[in-house]
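Examining the three-dimensional arrangement
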Amino acid sequence: MALPDFTLSAGPVAVTARTLAGLGKPLLYHYDPEFKATFERTQQKVAQIFKTRNDIVLMQGEAIVGLEGALRSLITPGMHVLNLVQGVFGKGTGYWISGFGAVLHEIEVGYDDAVTPAQVEAYLDEHPEIEMVCLVASETPSGTVTDVAAIGPMCRDRGILTYVDTVSGVLGMEWETDAWGLDLCVAGAQKCLGGPPGVALISVSQKAWDAMYANPLAPRDSYLSLIDWKEKWLGEGRFPYTPSVSDMNGLEAALDQALEEGIDEVVARHEAAAAVTRTGARAMGLELWAVREEIASACVTSIRLPDSIDNALVRDHARERYGVMLSHGQGAGNLIRLSHMGPTAGGMYSIVGLAALGRTLADLGMQVDVGAGLEAALAALAEQRR
Ligand SMILES: *Cc1c(COP(=O)(O)O)cnc(C)c1O
């Protein structure tokens, strides 16, 4: 099959020529001073986008390796953990929490909704035994966000650890690791940063390190070990295992581009693209998946589909007929996602995505006013650019 003309998926996303050039750099030995310097610089640049002075650990693998390794490191059997569930990644975190032997507490809402700070506050008031709160900042499969800015400080002020999946949060929403008191955050390179899949970007507070060191079950001498990275790499300049040299070069290139554009500017670009996309979708006659616009994420726009149309079929049709790769609901519900992430957040990408989606839905028998949607989206885009 031919390559798609446009990749508007929810990660991995299309990357810039600069990132591709980074990925194509000479493959150095990992103890070459040049590569060690690259790795150290990249850590510092990740700290900048996280807005943190905490340690940064860059683990090889996908964001999942960081999410799993960190959670295994933090959880001790019998510990009481509150997990916020509003989508498939939050649900999955809960399976890990109980699997690792903790006592699982959950606040769960529909996957088109968001857990509110008031719900969390009430739960914590009633359950002083909670030692850690786990949450997903941006539920990419359903395109909703959680109010981390309110929940983070609430936990910090009560001395409760926070474990945050911000794989698609960092750069796709306002982000303040230190100001919000977040202990353990994991982001992915292949989402809003527009980097290669294959590295987990992790920030670890002193409180989180203390919790890991106090945990006899925290992985050590293991691929999943954060403590290994702390002691070997951060402590002694020795890698626990060989990092993917190319991924690190690609990641640094993507970070350079984001930092040169400006962190606030990148976030604003995602928000602007989301606004254009939502305007177009509504004018086309489509229904947003998120029950309230305030909880709709800036990195993907999720559209609710009628029961008669299957989300995987929509994705496949748009790819085959129109050469545009979209993302389906990934188990979150019968929805289709137009992603505006990384380099595809902004400009005409939303128009392309709306055109391919609208026409696909019309082909599949849905009543859609594609023209009205595109007109409205173009008008919104023109207004933003005045
Ligand atoms: C992409 C993503 C991950 C990483 O999961 P994969 O299935 O490996 O892509 C984790 N959490 C969230 C919220 C994500 O968007």
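This is a predicted model, so every value here is computed, not measured.

A short note on the packing of helix H10 (residues 263–283) against helix H13 (residues 370–384)
Here H10 crosses H13 at 150°, and the two axes come no closer than 7 Å. When the axes of H10 and H13 are compared, the pair comes out roughly antiparallel. Every pair of crossing elements has a handedness; the one defined by H10 and H13 is right-handed. Taken together, the residues of H13 that come into contact with H10 (itself represented by Ala 272, Ala 275, Val 276, Thr 279, Gly 280 and Ala 283) are Ala 372, Gly 373, Ala 376, Ala 377, Ala 380, Leu 381 and Gln 384. In the contact of H10 with H13, the residues fall into nine nonpolar, four polar and no charged.

Some words on the packing of aromatic side chains
For the coordinates displayed, the defined rule picks out 14 aromatic pairs. Arranged with centres 6.2 Å apart and planes meeting at 45°, the rings of Phe 35 and Phe 239 form a pair that is tilted. Of this pair, Phe 35 sits in helix H2 (residues 33–50) while Phe 239 sits in the loop between helix H8 (226–236) and helix H9 (245–261), and the two are 204 residues apart along the sequence. Judged by its relative accessible area of 6%, Phe 239 falls in the buried class. Linked through ring pairs, Tyr 29, Tyr 31, Phe 35, Phe 39, Tyr 223, Trp 229, Trp 233, Phe 239 and Tyr 241 together constitute an aromatic cluster. Over the aromatic face of Trp 289 sits the side chain of Arg 304, whose NZ or CZ is 4.4 Å from the ring centroid.

Looking at the state of the cysteines
In total, this model carries zero disulfides according to the counting rule given. With no disulfide partner, Cys 155 has as its closest neighbouring cysteine sulfur the one in Cys 134, 9.8 Å distant.

A closer look at the domain arrangement of the protein chain
According to the domain assignment, the protein chain contains domain 1 (6–12 + 262–384) and domain 2 (17–260). If you average the C-alpha positions of domain 1 and of domain 2, the two centres end up 27 Å apart. Across the contact, 31 residues belong to domain 1 and 29 residues belong to domain 2. Approximately 2200 Å² of surface area, both sides summed, lies buried where domain 1 meets domain 2, with 62% of it carried by carbon and sulfur atoms. Run the count over domain 1 and domain 2 and you get three salt bridges.

Some words on the sheet that holds strand S2 (residues 55–60)
Sheet strands pair via backbone hydrogen bonds, and the direction of the pair is either parallel or antiparallel. One open sheet accounts for seven strands, arranged S2-S10-S9-S8-S5-S3-S4; its pairing is mixed. In the strand order of this sheet, the two ends are held by S2 and strand S4 (103–108), each with one partner. For this sheet, the mean inter-axis angle between neighbouring strands, taken without regard to orientation, is 20°. Bridge analysis of strand S8 (residues 161–165) against strand S9 (residues 184–188) gives three bridges, and the strand direction is parallel. Residue pairing in the sheet places Tyr 163 in a bridge with Leu 184 of S9. Here H9 sits on the sheet and contacts S2 and strand S10 (199–204); the angle it forms with S10, its principal contact strand, is near 65°.

Quick look at the pairing of strand S12 (residues 300–304)
With four of five residues buried, S12 lies mostly within the body of the structure. In terms of strand pairing, strand S11 (residues 287–288) meets S12 through two bridges, oriented antiparallel. Paired with Leu 288 across the strands is Ile 303, a residue of S12. Of the pairings in the sheet, the one linking S12 to strand S15 (residues 335–339) comprises five bridges and is antiparallel in character. Bridge pairing links Ile 303 to Ile 336 in S15.

Things to note about the site of the ligand
Around the ligand sit Glu 62, Ile 64, Leu 67, Phe 89, Val 136, Ser 138, Thr 140, Asp 165, Val 167 and Lys 191, and those are all the residues in its vicinity. Note that an oxygen atom of the ligand is positioned 2.7 Å from one of the side-chain N or O atoms of Lys 191. Notes on the ligand: free accessible area 380 Å², of which the protein chains cover 83%. Broken down by class, the residue content of the shell around the ligand amounts to five nonpolar, two polar and three charged.

Cut-offs and rules
- Residues numbered from 1 in each chain as written.
- Predicted model: local features only at pLDDT ≥ 70, side-chain atom pairs only at ≥ 80, totals over all residues.
- Heavy atoms only, no water.
- Axes fitted to C-alpha atoms, helices over the stretch in contact; angles between N-to-C directions.
- Helix = DSSP H or I, 4+ residues; strand = E, 2+ residues; numbered from the N terminus.
- Parallel < 35°, antiparallel > 145°, perpendicular 65-115°, else oblique.
- Left-handed = near helix turned anticlockwise from the far one by under 90°.
- Contact = heavy atoms within 4.5 Å.
- Nonpolar A, V, L, I, M, F, W, Y, C, P; charged D, E, K, R; others polar.
- Phe/Tyr/Trp six-rings, centres within 6.5 Å; stacked < 30°, edge-to-face > 60°.
- Buried < 20%, exposed > 50% of the residue type's maximum accessible area, 1.4 Å probe, protein only.
- Lys NZ or Arg CZ within 6 Å of the ring centre and 35° of its normal.
- Disulfide = S-S within 2.5 Å.
- Domains from an automatic or database assignment.
- Buried area = accessible area lost by both parts, 1.4 Å probe.
- Salt bridge = Lys/Arg side-chain N within 4 Å of Asp/Glu carboxyl O.
- Pairing = 2+ DSSP bridges.
- Near = heavy atom within 4 Å.
- Polar contact = N/O pair within 3.5 Å; in protein donor to acceptor, adjacent residues only side chain to side chain.
- Areas by Shrake-Rupley, 256 points an atom, 1.4 Å probe, with all protein chains shown as cover.

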